[in-house]
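Architecture and fold: a report
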Amino acid sequence: MMLNGADPIADALGALAAPPPTGLADKVFTAWLAAPSRLGEVFVAFTGHGVQFVRPAETLHGDIDAFAESYRDRFGRPLRPAARAPSGLLPTLRGRPATSLRLDLRGLSEFERDVLTATRRIPAGETRPYGWVAREAGRPRAVRAAGSVLARNPMPLLVPCHRVVRADGRLGDYMFGSAHKEKLLRDERVDLDEVVALARQGVHYLGSDTTGVVCFPTCHNARRIDPAHRHGFRSVGAAVAAGYRPCRTCRPAADATSA
DNA sequence: GTCATGACGCAGA
DNA sequence: ATCTGCGCCATGA
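Below or above, wherever it landed, is the structure these notes cover. (Residues numbered from 1 in each chain as written. Chains lettered and ligands numbered in written order. Predicted model: local features only at pLDDT ≥ 70, side-chain atom pairs only at ≥ 80, totals over all residues. Heavy atoms only, no water.)

With that settled, consider the overall build of chain A. For chain A, the helix and strand inventory stands at 11 helices and 10 strands. When each of the 259 residues of chain A is scored for burial, the buried share is 42%. A fraction of 56% describes how many contacts in chain A between residues 6 or more apart in sequence connect residues 24 or more apart. For chain A, the exposed surface amounts to about 14,000 Å²; the carbon and sulfur share of it is 53%. (Helix = DSSP H or I, 4+ residues; strand = E, 2+ residues; numbered from the N terminus. Buried < 20%, exposed > 50% of the residue type's maximum accessible area, 1.4 Å probe, protein only. Contact = heavy atoms within 4.5 Å. Areas by Shrake-Rupley, 256 points an atom, 1.4 Å probe, with all protein chains shown as cover.)

Here it is in structure tokens:
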């Protein structure tokens, strides 16, 4: 007869299964489910550490096998269906961000994590340039590389990369096409027409002469500036030269001193 | 290690 | 207004 401890394989399996809440299956498989979102139905993969991967069903022809394959290409694990959604996922996908939502950023480089984390801090209804994301990620000159990270954002919508736009006021590209980017931003009430109108006049920042603060045009502080006290600037440097200081909320770059 | 590749930004034409 | 060219820098082949 087999005495306890006489079978190393059984013992090892027992040790693996030890932590009750996350069973062996959760150590091997990643859970997935389908959910409605602002981009239509999306497939979502998540582990015990949080959401890891999101893709619109439409871009995969509604094929869950294609989702599983692209997930496995990237994270090297198989998928299994989930019973229920992680906390905060469903409201966030619908555009109502939940603080309880956790993201699983393991398996990403430090730079990728920093870029995604910075992007996550952009409030709904506002935009920031790629250069802002690079600076917030701690690599002010890695602007292009930051764009490359967002081009393969594992969690669109949850990491709102659609809010990252070009410094000249144009939208820039989007992983599912810039038309979707524009739709998402307009749904969030970003006044793109205003941004374009300002950019046409070379204005990329707005300041208030009552507060002496200069902001990105979509910053909620900028939108409250009384038109009579509103001044446009081509650069933060120009605003600083005029006696303004960068907004502490939207943090426009305080670098160049050009006029 | 080298090299090509990009959801960028800016200056100059 | 557009369209270059060039610098930038993290990745993956």
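Right, let's get into the protein's contact with DNA strand B. Around DNA strand B, a shell composed of 16 residues is seen, among which Tyr130, Arg144, Leu150, Ala151 and Asp173 lie nearest. Arg144 has a polar side-chain atom sitting 2.7 Å from a base nitrogen of DNA strand B. A distance of 3.0 Å is found between a phosphate oxygen of DNA strand B and a backbone nitrogen or oxygen belonging to Ala167. Sorting the residues of the surface near DNA strand B by element identifies helix 6 (130–136) and helix 7 (143–151) as the ones contributing at least two each. With seven residues, helix 7 is the single largest residue contributor to the surface near DNA strand B. Among the residues forming the surface near DNA strand B, the class breakdown is nine nonpolar, three polar and four charged. (Near = heavy atom within 4 Å. Polar contact = N/O pair within 3.5 Å; in protein donor to acceptor, adjacent residues only side chain to side chain. Nonpolar A, V, L, I, M, F, W, Y, C, P; charged D, E, K, R; others polar.)

Moving on: the nonpolar core. Grouped together as the largest cluster of nonpolar side chains are 56 residues, with contacts concentrated most on Val51, Leu89 and Leu158. Those residues in contact with Leu89, other than ones at most four positions away along the chain, are Leu33, Val44, Val51, Leu101 and Leu158. Counting nine residues, the second-largest nonpolar core is a separate cluster that includes Phe53, Tyr71, Phe75 and Leu79. (Core = buried A, V, L, I, M, F, W, Y, C linked by side-chain atoms within 4.5 Å.)

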